[in-house]
Amino acid sequence: MASRGAVRISGGSLRGRTIDVPQSLGVRPMRTRIREALFQIIVDWLPKARFLDVFSGSGAIGVEAISRGAVRTTFIENNRKVAAILQRNLDALSLRALTEILQVDPYTTPISGGPFDVIFLDPPFPHYEPEDPHDPWELALQLAASDHLASDGLIGLEYPRYLRPPAPPAGCEEFLVRRYGDTSLALWRKSGAGA
């Protein structure tokens, strides 16, 4: 069993390996049950996928994507100390060649790279408070409507269940909304027309 302060990869080539989670830096890893459910849902998108892990923290989601078949993961983590722990996790798993860390604020800095086959946002839940200038839904809408999301790609977001997701932007459709206790997942799919 993974020790406190660690997350265990649940499937794929790295199954059973653990990554460190910073305990005192506000990092809130996605619960294992929800992470497993997410990857069961997106399994068909993972082989040879380019994956973008926004608000990556320890990197559990992006590492899980590589373990299950993604060819490259780009991590976005703005906190310098957390990004250093994320880099150590990637080095310990020999994933440096398959990954990239962008230490930027995704709300204010244009994201480079892509297009990505799967984009997932797991923002700190306090950022969902009303009137917060950092709106994860707005960021998801922007990414979904941009060239960062590949044709037929998926974009997803974890959020508190008491909130209702907005309608997906033009060119995308709701793929799934599902509740897990006090947490929900929403996934949108970009139209493959013209691909």
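None of these values were measured; they are calculated from a predicted model.

**Student:** Help me out: how do you make sense of the pattern of salt bridges in this one?
**Tutor:** Side chains that carry opposite charge are capable of pairing whenever their charged atoms lie near each other. Counted according to the given criterion, the structure contains six salt bridges. When the shortest N-O distance is used, the salt bridge between Arg 35 and Glu 64 registers 2.5 Å. Placement of Arg 35 in helix α1 (residues 32-41) and of Glu 64 in helix α2 (residues 60-67) is noted, with a sequence separation of 29 residues between them. The pair formed by Arg 35 and Glu 64 is uniform in burial state, with each residue classed as buried. Across the pair Arg 50 and Asp 117 runs a salt bridge, and its minimum N-O distance is 2.9 Å. Here Asp 117 lies in strand β6 (residues 116-121) and Arg 50 lies in strand β3 (residues 50-54), a separation of 67 residues in the sequence. Among the residues examined, Arg 50 registers a relative accessible area of 34% and is labelled partly exposed. The exposure class assigned to Asp 117 is buried, which follows from its relative accessible area of 17%. Salt bridges sharing partners connect three or more residues here, namely Arg 35, Glu 64 and Arg 68.

**Student:** I would appreciate a short explanation of empty space enclosed by the protein in the present structure.
**Tutor:** Gaps left between atoms are located by rolling a probe of water-molecule size over the structure's atoms. Inspection of the entire model under this criterion finds one cavity of 30 Å³ or more. The calculated volume of the largest cavity comes to roughly 40 Å³. Within the residue set of the lining of the largest cavity, elements represented by two or more residues are α4 (136-145), β7 (149-160) and β9 (183-190). Among the elements that line the lining of the largest cavity, the one with the most residues is β7, at three residues.

Cut-offs and rules
- Residues numbered from 1 in each chain as written.
- Predicted model: local features only at pLDDT ≥ 70, side-chain atom pairs only at ≥ 80, totals over all residues.
- Heavy atoms only, no water.
- Salt bridge = Lys/Arg side-chain N within 4 Å of Asp/Glu carboxyl O.
- Helix = DSSP H or I, 4+ residues; strand = E, 2+ residues; numbered from the N terminus.
- Buried < 20%, exposed > 50% of the residue type's maximum accessible area, 1.4 Å probe, protein only.
- 1 Å grid on protein atoms, 1.4 Å probe; cavity = no way out; pocket = protein on both sides within 12 Å on 5 of 7 lines; lining within 4 Å.
- Points joined across faces, edges and corners; volume = space filled by probe spheres on them.

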